[in-house]
Amino acid sequence: MTVRIVRLTEKDWRLFATVRLRALTESLGENDPQFREEVTFTAARWRRRLRDHAQFAAVIGNRAVGLIGAQPQNTHTVYLYSLWLDPSARGLGLARQLVVAALDWAQRRHARTVRLRVAVDNTPARTVYESLGFSPSAESRNRRELAMTLNVN
Ligand SMILES: CC(C)(COP(=O)(O)OP(=O)(O)OC[C@H]1O[C@@H](n2cnc3c(N)ncnc32)[C@H](O)[C@@H]1OP(=O)(O)O)[C@@H](O)C(=O)NCCC(=O)NCCS
């Protein structure tokens, strides 16, 4: 099985929309407000998100099985969000590869800090982030959520 980690560009908007909506459905369900909003996005809206944020996908053949978003917050900080793998692609180390691709991108754009939020009880995600050096920061919004940061430059 050959897996590629690729940064999606505007021409990939259909692939992006498909995997993003699948991620929202699988994680939150079709009644979640986030899904209900994004399912109405036009091509222009998907393209804009691909311009504004870096989106990395894990691709097997022509099927995207995983995703992570990276959003510049300011000159020095990048925020990672929406790490997701199709259940059939879990347990293969792909989450780590997706995060590494996003970290490489943050480093290349000379960010100093990469931030993210994770549910306190999400052991697989926390294990991935901690193995890459992320540590808890003091910014958590509530007790169920952990904010984490990593210095990259
Ligand atoms: C989070 C996610 C991307 C992780 O990907 P994954 O392929 O499932 O991760 P892995 O199976 O490689 O597990 C990561 C690590 O957690 C460990 N782990 C997994 N489940 C565990 C459990 N229940 N208890 C303890 N450790 C566990 C694995 O052993 C692995 O550690 P290792 O690399 O030291 O062997 C995936 O589970 C997912 O898409 N979940 C739903 C969306 C989500 O929660 N996203 C994160 C938002 S912050």
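Under an unreviewed UniProt entry, the name given to the protein is GNAT family N-acetyltransferase, and the organism recorded is Mycobacterium deserti.

There is about 1200 Å³ of room inside the largest pocket. Taken together, 43 residues form the lining of the largest pocket, with Ser27, Tyr81, Ser82, Leu83 and Trp84 sitting closest to its centre. Among the elements that take part in the lining of the largest pocket, strand β4 (residues 77-85) stands out by supplying seven residues, more than any other. Residue composition of the lining of the largest pocket, by class: 22 nonpolar, eight polar and 13 charged.

The next thing to look at is helix α1 (residues 13-28). If you check α1, its first and last C-alpha atoms are 22 Å apart, about what 16 residues at 1.5 Å a residue would give, namely 22 Å. Buried within α1 are the following residues: Trp13, Phe16, Ala17, Val19, Arg20, Leu21, Ala23 and Leu24. On its buried face, α1 sits against α2 (33-38), α3 (43-52), β2 (54-60), β3 (63-74) and β4. Trailing α1 by a residue or two, glycine 29 shows a phi angle of about 95°, which is positive.

It is worth spelling out the packing of α1 against α3 at this point. Geometrically, a packed helix pair is captured by the angle between its two axes and the distance between the axes. At their nearest, the axes of α1 and α3 sit 9 Å apart, and the two run at 90° to each other. By the angle class used here, α1 and α3 are roughly perpendicular. Where α1 abuts α3, its residues Trp13, Phe16, Ala17, Arg20 and Leu21 lie against Ala43, Trp46, Arg47, Arg49 and Leu50. In terms of residue class, the contact of α1 with α3 is built from seven nonpolar, no polar and three charged.

Take the sheet that holds β4 next. With mixed pairing, seven strands are arranged side by side in an open sheet as β1-β2-β3-β4-β5-β7-β6. Each edge of the open sheet carries a strand with a single partner, namely β1 (3-7) and β6 (135-136).

So, on to the environment of threonine 2. Counting through the fold element by element, threonine 2 comes out in the segment before β1. Residue classification places threonine 2 among the exposed residues on the basis of a relative accessible area of 63%.

On to the side chain of arginine 20. Tracing the chain through its elements places arginine 20 in helix α1. Judged by its relative accessible area of 8%, arginine 20 is buried. A polar contact is formed between the side chain of arginine 20 and the side chain of glutamate 38, at a distance of 2.8 Å. Leave out the neighbours within four places in its chain, and arginine 20 touches Gln34, Glu38, Trp46, Arg49, Leu67 and Ser82.

Moving on, we come to the nonpolar core. Counting residues in hydrophobic clusters, the biggest one holds 32 residues, and the most contacted among them are Leu80, Val99, Leu103, Tyr129 and Phe134. Those elements giving two or more residues to this core turn out to be β2, β3, β4, α4 (94-108), β5 (113-119), α5 (123-131) and β7 (145-151). The leading source of residues in this core is α4, at nine residues. When sequence neighbours within four positions are dropped, the list of residues in contact with leucine 103 reads Leu80, Val114, Leu132, Phe134, Leu150 and Val152. Within the second largest apolar cluster, 17 residues are counted, among which are Leu8, Ala23, Phe41 and Val59.

Turning our attention to the packing of aromatic side chains. Two descriptors summarise a pair of aromatic rings, namely the distance from one centre to the other and the angle between the planes of the rings. Applying the stated criterion across every chain, the model contains three aromatic pairs. On the numbers, 5.4 Å between centres and 85° between planes, the contact of phenylalanine 16 with tryptophan 46 is edge-to-face. Of the two residues, phenylalanine 16 sits in helix α1 while tryptophan 46 sits in helix α3, which places them 30 residues apart along the sequence. By relative accessible area, which is 3% here, tryptophan 46 ends up buried. Summarising the aromatic geometry, the rings of tyrosine 129 and phenylalanine 134 are spaced 5.8 Å apart at their centres and angled 65° between planes, so their arrangement reads as edge-to-face. One aromatic cluster is present, formed by Phe16, Phe41 and Trp46 through successive ring pairs.

Parameters at a glance
Residues numbered from 1 in each chain as written. Predicted model: local features only at pLDDT ≥ 70, side-chain atom pairs only at ≥ 80, totals over all residues. Heavy atoms only, no water. 1 Å grid on protein atoms, 1.4 Å probe; cavity = no way out; pocket = protein on both sides within 12 Å on 5 of 7 lines; lining within 4 Å. Points joined across faces, edges and corners; volume = space filled by probe spheres on them. Helix = DSSP H or I, 4+ residues; strand = E, 2+ residues; numbered from the N terminus. Nonpolar A, V, L, I, M, F, W, Y, C, P; charged D, E, K, R; others polar. Expected span 1.5 Å × (residues − 1). Buried < 20%, exposed > 50% of the residue type's maximum accessible area, 1.4 Å probe, protein only. Contact = heavy atoms within 4.5 Å. Axes fitted to C-alpha atoms, helices over the stretch in contact; angles between N-to-C directions. Parallel < 35°, antiparallel > 145°, perpendicular 65-115°, else oblique. Pairing = 2+ DSSP bridges. Polar contact = N/O pair within 3.5 Å; in protein donor to acceptor, adjacent residues only side chain to side chain. Core = buried A, V, L, I, M, F, W, Y, C linked by side-chain atoms within 4.5 Å. Phe/Tyr/Trp six-rings, centres within 6.5 Å; stacked < 30°, edge-to-face > 60°.

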